[in-house]
Amino acid sequence: MIERRRQIQILLQLAGDVLATSAAVLLAYWLRFEVPLFPVTKGTPPLEMYLRLIPVTVIMWPTVFYFQGLYQLRRLRSRFDELLRVVLAILLATILLTAFLTFYRPADFTYSRLYLPVFAAVDVALVAFTRWLISAVLRRIRRSGGNLQTVLVVGAGELGKRLVESLRAHREYGFTVVGFLDDDPGKQQREIHGIPVLGSSQDLEAVIARHHIDQVMIALPMSAHHRIVPLI
């Protein structure tokens, strides 16, 4: 189930990136040649020549985005981190597109040099907006109780309690805590913050299978570092 949800989200992002970049090709043409922001000294070129860039970007952009980690879903990734990755990916893809156009030159036609930086700037804005819109819709769905991932917290001490409080305060992350694991016998078979302690760390694999856990979060103090490696 979690893998299918991840695939759907990746496809949504991929479709959004492709549509945004295709729209950027058209919008950049309009800004460069139709809006009097920049002087057009050699006449307005045919739109058809710039439409030929769309198939190239449909292949090149997702490839660069993939290697920049933009299709590795992380619910806790900050917006700034994603925006920075988008900017870097589009700059790299635009450089590759420029190199491609250096070798691919249609007869009696040269692409505008000013067009490419305009296209890159427009593309950053459209891709960032599209990704923000998709994330906003998903956050709304999660707040309503949909598209949730089940979480098992190892450690029912202060760290575990704070982790649960944080996840409850940020429902847009889409996590629901199913239970704790703790090696303290005094905490087992009890509820902490309304969440049951389902056993000890030795029961990890059995609890994951029994409760269909999507994510395990370890909330143990540094003094318990000798227990963390076996858990991982």
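Residues numbered from 1 in each chain as written. Predicted model: local features only at pLDDT ≥ 70, side-chain atom pairs only at ≥ 80, totals over all residues. Heavy atoms only, no water.

Undergrad: Hey, could you run me through the packing of aromatic side chains in this one?
TA: Enumeration according to the criterion identifies 10 aromatic pairs in this entry. Ring centres of Y29 and F33 lie 5.0 Å apart, and the angle between their planes is 55°; on these two criteria the pair is classed as tilted. In this pair, Y29 and F33 both sit in helix α1 (residues 2–34), four residues apart, roughly one turn of the helix. By the burial criterion, Y29 is buried, and F33 matches it. (Phe/Tyr/Trp six-rings, centres within 6.5 Å; stacked < 30°, edge-to-face > 60°. Helix = DSSP H or I, 4+ residues; strand = E, 2+ residues; numbered from the N terminus. Buried < 20%, exposed > 50% of the residue type's maximum accessible area, 1.4 Å probe, protein only.)

Undergrad: Teacher, can you tell me more about a nonpolar patch on the surface here?
TA: A contiguous nonpolar patch, built from F129, W132, L133, V137 and I141 and spanning about 460 Å² of accessible area, is present on the exposed surface. With respect to the helices and strands, L133 occurs in helix α5 (residues 115–143). The partly exposed category is assigned to L133, whose relative accessible area is 40%. (Patch = residues over 30% accessible without salt bridge, like charges linked within 9 Å, V, L, I, M, F, W, Y side chains within 5 Å. Areas by Shrake-Rupley, 256 points an atom, 1.4 Å probe, with all protein chains shown as cover. Salt bridge = Lys/Arg side-chain N within 4 Å of Asp/Glu carboxyl O.)

Undergrad: Would you mind showing me how to read the sheet that holds strand β1 (residues 149–154) here?
TA: The strands making up a sheet are joined through hydrogen bonds of the backbone, oriented either antiparallel or parallel. Spatially, β2-β1-β5 is the arrangement adopted by the three strands of the open sheet, whose pairing is parallel. Of all the strands in the sheet, just β2 (175–181) and β5 (215–218) have a single pairing partner and so form its edges. Each strand of the sheet is rotated relative to its neighbour by a mean of 30°, with strand direction disregarded. Direction of pairing for β1 relative to β5: parallel, over a ladder of four bridges. (Pairing = 2+ DSSP bridges. Axes fitted to C-alpha atoms, helices over the stretch in contact; angles between N-to-C directions.)

Undergrad: Any chance you could explain the nonpolar core here in plain terms?
TA: Note that soluble globular proteins tend to have their nonpolar side chains buried in a common cluster. Residues Y50, W61, F65, L97, Y115 and F119 are the most contacted members of the largest nonpolar core, which totals 32 residues. For this core, the secondary-structure elements that each account for two or more residues are α1, α2 (47–51), α3 (53–67), α4 (79–103) and α5. Not counting residues within four places of it along the chain, the set of residues in contact with F119 comprises T21, A24, V25, A28, T57, W61 and L97. Judged by nonpolar contacts, the second largest core, of 13 residues, contains V151, A156, I192 and V197. (Core = buried A, V, L, I, M, F, W, Y, C linked by side-chain atoms within 4.5 Å. Contact = heavy atoms within 4.5 Å.)

Undergrad: Help me out: how do you make sense of α3 in this one?
TA: Each α-helix turn comprises 3.6 residues. Residues three or four places apart therefore point the same way. With 15 residues, α3 extends 21 Å from end C-alpha to end C-alpha; this agrees with the ideal 21 Å at 1.5 Å per step. Within α3, burial applies to L53, I54, V56, T57, M60, W61, P62, V64 and F65. Where α3 ends, the next residue or the one after it, G69, has phi of about 80°, a positive value. (Expected span 1.5 Å × (residues − 1).)

Undergrad: Can you help me understand unusual backbone geometry in this one?
TA: Glycine aside, a negative phi is what most residues show, and trans is what most peptide bonds show. At H193, a position not held by glycine, the phi torsion is positive, near 55°. Position of H193 relative to the elements: it lies in the loop between β3 (191–192) and β4 (195–196). Backbone geometry at H212 places phi at a positive 55°, although glycine is not the residue there. Mapped onto the elements of the fold, H212 is located in the loop between α7 (204–211) and β5. Looking at H212, the relative accessible area reads 62%, which means it is exposed.

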